[in-house]
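Below, each chain spelled out in residue letters.
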Amino acid sequence: MPPNSCNPAPLHLARKTLPPWLIYFVCLCAALMLASPAKAQNASDSRLLRLLGLMQQRLDVAQDVAMYKWNAKAAIDDPVREQQILDALVKQAPQYGLEPKLAQDFFAAQIIAGKMIQTALFKEWTSKTQAPFSDPPDLKTQIRPALDRLTIELLTALAAAQPVLQNKDSQQELELAATNSSVRAEVSQTVPGYATAWQHAFGVLVRREK
């Protein structure tokens, strides 16, 4: 068999064992690297990697939020507070050189993604009759300060990444950065809803390009 040919048997097995998003990104990365190896090697712009890494950190906090709400028997949706956050972001965005609509759309997607993880966790815990957690992070003193810090860092990173995102070739760069940043590695295999939530959080950047 020629060295560059594809063996269908391993690919068939991979489809059974690997999540769909991983197969997609592996194939995408391989295709782009074959098309332009030099460009692919340099495609993971540090500004994109920084933005994607912070997005991952925000999704990680969703697990803490879920544990707190589970113990408190609180609803996952908090439309009043969510709107307050988005309204505040509209006012903050110009300070970072961002269009208010862009910042609002971006963070709305991150909020929804976080709730997707919470919903998946609640479903699993309900099926297992999960007891209250022994010592979850406190919402007011730990979780919200962490989210507030991430909001500032994300605004800064989103602004810094705009020249790359607005570039005509940014679609390839963005997808390669997502592949190379390892934001989905292992975590998405163990946290319910993480892979789908990441696709939603990441998708707002892709949709913005189209």
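Presented here is an overview of the structure given in this document. (Residues numbered from 1 in each chain as written. Predicted model: local features only at pLDDT ≥ 70, side-chain atom pairs only at ≥ 80, totals over all residues. Heavy atoms only, no water.)

## Describing the packing of aromatic side chains
Stated precisely, the cut-off is as follows: Here is the rule: rings of Phe, Tyr and Trp (six-membered ring for Trp) pair when centre to centre is within 6.5 Å. Planes less than 30 degrees apart are stacked, more than 60 are edge-to-face, and the remainder are tilted. Numbering of helices and strands runs from the N terminus; a helix is a DSSP stretch of H or I covering at least four residues, while a strand is a stretch of E covering at least two. Note on exposure labels: buried denotes an accessible area under 20% of the residue type's maximum, exposed denotes more than 50%, and partly exposed covers the range between, all computed with a 1.4 Å probe on protein chains only.
The final tally for this structure, using the stated rule, is six aromatic pairs. Between Phe122 and Trp125, the ring centres sit 6.0 Å apart and the planes meet at 40 degrees, which makes this aromatic pair tilted. Residue Phe122 and its partner Trp125 are both found in helix 6 (residues 100-127); the two are separated by three residues, about one turn of the helix. For the residue pair Phe122 and Trp125, the accessibility class agrees, reading buried in each case. With a centroid separation of 5.9 Å and 20 degrees between ring planes, the pair formed by Trp198 and Phe202 is classed as stacked. Here Trp198 and its partner Phe202 are both found in helix 10 (residues 194-209), four residues apart, which amounts to about one turn of the helix. Looking at Trp198, the relative accessible area reads 1%, which means it is buried. Judged by relative accessible area, which is 6%, Phe202 ranks as buried. Through successive ring pairs, a cluster of aromatic residues spans Trp70, Phe122, Trp125 and Phe133.

## Quick look at the packing of helix 4 (residues 46-72) against helix 6
Short version of the rule: Note on geometry: axes are C-alpha line fits, over the in-contact stretch for helices, and angles between N-to-C directions span 0 to 180 degrees. For this classification, under 35 degrees means roughly parallel, over 145 means roughly antiparallel, 65 to 115 means roughly perpendicular, and everything else is oblique. The hand of a helix crossing depends on one turn: near helix anticlockwise from the far one by less than a right angle means left-handed, and clockwise means right-handed. Should any heavy atoms of two residues lie within 4.5 Å, those residues are considered in contact. Three classes are used, and their members are as follows: Ala, Val, Leu, Ile, Met, Phe, Trp, Tyr, Cys and Pro are nonpolar, Asp, Glu, Lys and Arg are charged, and the others, Gly among them, are polar.
Where helix 4 contacts helix 6, the axes come no closer than 9 Å and their chain directions differ by 40 degrees. By the angle class used here, helix 4 and helix 6 are oblique. As for how helix 4 packs across helix 6, the hand of that crossing is right-handed. Residues Leu51, Met55, Arg58, Leu59, Ala62, Gln63, Val65, Ala66, Met67, Lys69 and Trp70 of helix 4 form the contact with helix 6, whose participating residues are Phe106, Gln110, Ile111, Ala113, Gly114, Ile117, Gln118, Leu121, Phe122, Trp125 and Thr126. A per-class count over the contact of helix 4 with helix 6 returns 15 nonpolar, five polar and two charged.

## Description of the nonpolar core
The cut-off we apply is this: For this analysis, a nonpolar core means a set of buried residues of the types Ala, Val, Leu, Ile, Met, Phe, Trp, Tyr and Cys, connected via side-chain atoms within 4.5 Å.
Ranked by size, the top nonpolar core spans 49 residues in total, and within it Leu51, Met55, Phe106, Ile117, Leu158 and Leu205 carry the most contacts. Residue assignment for this core shows that the elements contributing at least two residues are helix 4, helix 5 (79-92), helix 6, helix 7 (139-165) and helix 10. The element that contributes the greatest number of residues to this core is helix 7, accounting for twelve residues. Not counting chain neighbours up to four residues away, the residues in contact with Leu205 comprise Leu51, Leu52, Met55, Phe106, Leu158, Leu165 and Leu174.

## Describing the environment of Gln118
You can see Gln118 is positioned in helix 6. Of the residues examined, Gln118 reaches a relative accessible area of 5% and is grouped as buried. Once the C-alpha coordinates of Gln118 and Ile76 are considered, the two residues, 42 residues apart in sequence, prove to be 6.9 Å apart. Not counting residues within four places of it along the chain, the set of residues in contact with Gln118 comprises Ala62, Val65, Ala66, Lys69 and Ile76.

## As for unusual backbone geometry
One non-glycine residue, Lys73, lies in the positive phi region at around 55 degrees. You can see Lys73 is positioned in the loop between helix 4 and helix 5. Judged by its relative accessible area of 73%, Lys73 is exposed. The phi dihedral of Thr129 is positive, around 50 degrees, even though this residue is not glycine. Here Thr129 is to be found in the loop between helix 6 and helix 7.

## Remarks on the packing of helix 5 against helix 7
Between helix 5 and helix 7, whose axes approach to 12 Å, the crossing angle comes to 35 degrees. Pair helix 5 / helix 7 crosses with right-handed handedness. Side by side, helix 5 and helix 7 meet where Arg81, Leu89 and Gln92 of the first sit next to Arg144, Thr151, Ile152 and Leu155 of the second. The residue makeup of the contact of helix 5 with helix 7, split by class, is three nonpolar, two polar and two charged.

Everything listed here is a matter of coordinates, which is why it stays silent on function.
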